[in-house]
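Close look at the chain arrangement
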Amino acid sequence: MKLLSQILIPQNVMLDVAVTSKKRALEQVALMFENNQGIERANVFDSLFSRERLGSTGLGSGVAIPHGRIKNIVKPSAAFVRLAQPVSFDAPDGKPVDLLLVIVVPEEATQQHLDILAEVATKLSEPSVLGALRTLEDPKAVYDLLVEDNP
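Report follows, based on the coordinates. (Residues numbered from 1 in each chain as written. Predicted model: local features only at pLDDT ≥ 70, side-chain atom pairs only at ≥ 80, totals over all residues. Heavy atoms only, no water.)

**A word on the overall build of the protein**
We count it as follows: Counting from the N terminus, the helices are DSSP H or I runs at least four residues long and the strands are E runs at least two residues long. All radius of gyration figures rest on C-alpha atoms, and the globule criterion is 2.2 Å times the number of residues raised to 0.38. Buried, partly exposed and exposed residues are distinguished by accessible area as a fraction of the type maximum, computed with a 1.4 Å probe on protein chains only: under 20%, between the cut-offs, and over 50%, respectively. Working rule for contacts: check all heavy atoms of both residues, and any pair within 4.5 Å makes them a contact. Working convention for charge: Lys and Arg count positive, Asp and Glu count negative, and His plus the chain ends are omitted. Note that the charge is assigned to NZ on lysines, CZ on arginines, CG on aspartates and CD on glutamates.
The helix and strand tally for the protein stands at 6 helices and 6 strands. Beginning at the N terminus, the succession of helices and strands in the protein can be written as α-β-α-α-β-β-β-β-β-α-α-α. For 151 residues, the compact-globule estimate of 2.2 N^0.38 gives 15 Å, and the protein sits close to it at 14 Å. Oriented by its inertia axes, the alpha-carbon framework of the protein measures out at about 35 × 30 × 25 Å. Scored against the burial criterion, the 151 residues of the protein give a buried share of 47%. For the protein, contacts bridging at least 24 residues in sequence account for 69% of all contacts bridging at least 6. Of the side chains in the protein, 15 bear a positive and 19 a negative charge, and the two mean positions are spaced by 4 Å.

Shown next as structure tokens:
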């Protein structure tokens, strides 16, 4: 995953996060971005939540790719969160979500944003990858799986 390997850092992989809703999951992600990248959590949360109001970023099969554009950041960042219990995400298949790959990009990064989303969606459509993401216990192993570049 060429693009993801440039924007996902190992510290932004959290496993078995206990939340009760989509909103709480996005709040946890926003806090992670603030703590690890210094991006103000209110900006992250507002961007992600505003995007969700336009339509769910749930893909189906328990996967969502929340994403948003943020003013005054210089480069894209990503985070992966596996939830302890799936939460409703208004996904097209109606199934709750337990795997979130979150992307934030600079406000003007239109094509790069689309390229990252396409790459991530492709990776997260592989059943073997989803199975591993749900069972691996080591955040570093999850990170390695996400950034490995396989066709």
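**Notes on unusual backbone geometry**
The phi angle of most residues is negative, glycine excepted, and most peptide bonds adopt the trans form. Look at Ser 61: it is not a glycine, yet its phi comes out positive at around 60 degrees. A positive phi angle is found at Asn 72, which is not glycine, with a value near 65 degrees. Here Asn 72 shows up in the loop between strand 4 (67-70) and strand 5 (77-87).

**Here we look at the packing of aromatic side chains**
For the record, the criterion: Aromatic pairs are defined between Phe, Tyr and Trp rings, using the six-membered ring for Trp, whenever the two ring centres lie within 6.5 Å; interplanar angles under 30 degrees are classed as stacked, those over 60 as edge-to-face, and all others as tilted.
Per the counting criterion, the structure on display carries 1 aromatic pair. Centre to centre, the rings of Phe 45 and Phe 49 are 5.2 Å apart; their planes meet at 15 degrees, and the pair counts as stacked. Of the two residues, Phe 45 and Phe 49 are both situated in helix 3 (residues 41-54); the distance of 4 residues between them amounts to about one turn of the helix. Relative accessible area serves as the criterion here: at 15%, Phe 45 is assigned to the buried category. Judged by relative accessible area, which is 23%, Phe 49 ranks as partly exposed.

**Re the environment of Tyr 143**
Secondary-structure assignment places Tyr 143 in helix 6 (residues 139-147). A relative accessible area of 13% means that Tyr 143 is categorised as buried. Distance in space between the C-alpha atoms of Tyr 143 and Ile 39 is 21 Å, their sequence separation being 104 residues. Those residues in contact with Tyr 143, other than ones at most four positions away along the chain, are Ser 5, Leu 8, Ile 9, Pro 10 and Val 13.

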